[in-house]
Amino acid sequence: PNNRIHKVGLDGRVSVFAEDTGGANGLMFGPDGRLYACANAKKAIIAYDRSGKSAAVAEDLTSNDLVIDHKGNIYVTDPTTKRIYLINSKGEKKIVEDKIMRPNGITLTPDQSLLLVADTSGQFVYSFQIQPDGTLAHKQKYFHLHLADGSTQSGADGIQVDAKGNVHVATEWGLQICDQ
């Protein structure tokens with residue numbers, strides 16, 4: 001909301017890394033060492049170098065969260081349009097899914113063979129098999145999330161996978177850990 005990204009130095013000091021970020025959200029470092037962000041106010045995916053200099057990687061899309069594979073492919077969720085985008089390493093953008101009610105949190109399994117996406121309006125984390133060209137196949141309900149009493153949605157947002165393959169999902173009900 002303050003349109004800034006902060007960083008914590010090795011000495012523990014907090015400083016401003018970047019300003020006028022376009023409402024940066026869904027931050028992740030890529031294999032190239034740059035920090036990638038969903039910049040909804042700019043309708044772009046932005047990459048920052050170590051000095052905080054930014055460059056647009058993709059434009060004309062709304063976004064919430066992103067994940068980057070080891071090849072440099074970027075997967076982006078947009079809950080408002082029900083879309084998941086693939087931005088390949090050449091910067092080409094395509095819709096690879098549009099059937100999840102509100103795709104939000106997104107991550108990869110440790111071996112990067114599966115893309116995992118949390119539905120904030122639903123009760124599931126979905127998995128997709130990543131194809132050699134980066135597109136998605138074989139969508140399935142991967143994890144069933146518990147709902148808070150009286151709720152009809154998980155509120156799932158941030159999602160991460162640990163080294164053992166356990167999926168950690170921030171939900172309305174709290175942090176849920178899904179084992180394999």
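Throughout, residues of each chain are indexed from 1 in the direction in which the sequence is written. Since the coordinates come from a predicted model, pLDDT governs what is reported: local features require at least 70, and pairs of side-chain atoms require 80 or more to be given and counted, while whole-chain, interface and lining totals use all residues. Values reported for side chains reflect all heavy atoms of the structure, with hydrogen atoms and water molecules removed beforehand.

**Student:** Quick question: what am I supposed to make of the pattern of salt bridges here?
**Tutor:** Oppositely charged side chains may form a pair once their charged atoms are brought near each other. Salt bridge, as used here, is a side-chain nitrogen of Lys or Arg placed within 4 Å of a carboxyl oxygen of Asp or Glu. For the structure shown, the criterion picks out five salt bridges. Across the pair E19 and R4 runs a salt bridge whose closest N-O atoms are separated by 3.3 Å. Taken as a pair, E19 in strand β2 (residues 14–19) and R4 in strand β1 (residues 4–8) lie far apart in primary sequence, 15 residues in all. Where D98 meets K99, a salt bridge forms, and the shortest distance between an N and an O atom there is 3.0 Å. Note on exposure labels: buried denotes an accessible area under 20% of the residue type's maximum, exposed denotes more than 50%, and partly exposed covers the range between, all computed with a 1.4 Å probe on protein chains only. On the basis of relative accessible area, D98 is assigned to the partly exposed category, the value being 38%. Owing to a relative accessible area of 63%, K99 belongs among the exposed residues under this scheme. Helix and strand assignments come from DSSP, with helices taken as H or I runs of at least 4 residues and strands as E runs of at least 2, each series counted from the N terminus.

**Student:** Teacher, can you tell me more about the sheet that holds strand β16 (residues 167–171) here?
**Tutor:** Paired through their backbone hydrogen bonds, the strands of a sheet run either parallel or antiparallel. Here a strand pair is declared whenever DSSP counts at least two bridges between the two strands. Read across the sheet, three strands follow the order β15-β16-β17 without closing on themselves; strand pairing throughout is antiparallel. The open sheet has two edge strands with one neighbour each: β15 (159–161) and β17 (174–178). Averaged over all pairs of adjacent strands, the angle between their axes in this sheet comes to 20 degrees, without regard to strand direction. Strand direction decides the pairing type here: β16 and β17, joined by five bridges, are antiparallel. When the bridges of β17 are listed, A170 appears paired with L175. To define axes, lines are fitted to C-alpha atoms, for helices over the stretch in contact only, and angles between the resulting N-to-C directions are given on a 0 to 180 degree scale.

**Student:** Looking at this model, I keep getting lost on the sheet that holds strand β4 (residues 35–39). Mind explaining?
**Tutor:** Pairing is antiparallel across the open sheet formed by four strands, whose spatial order is β3-β4-β5-β6. In this open sheet, the two edge strands, each paired with only one partner strand, are β3 (24–29) and β6 (54–59). Here the strands of the sheet are splayed against their neighbours by 25 degrees on average, with no regard to which way each runs. In this structure, strand β5 (residues 44–48) lies alongside β6, joined through five bridges in antiparallel fashion. Across the sheet, the residue bridging to A44 is E59, located in β6.

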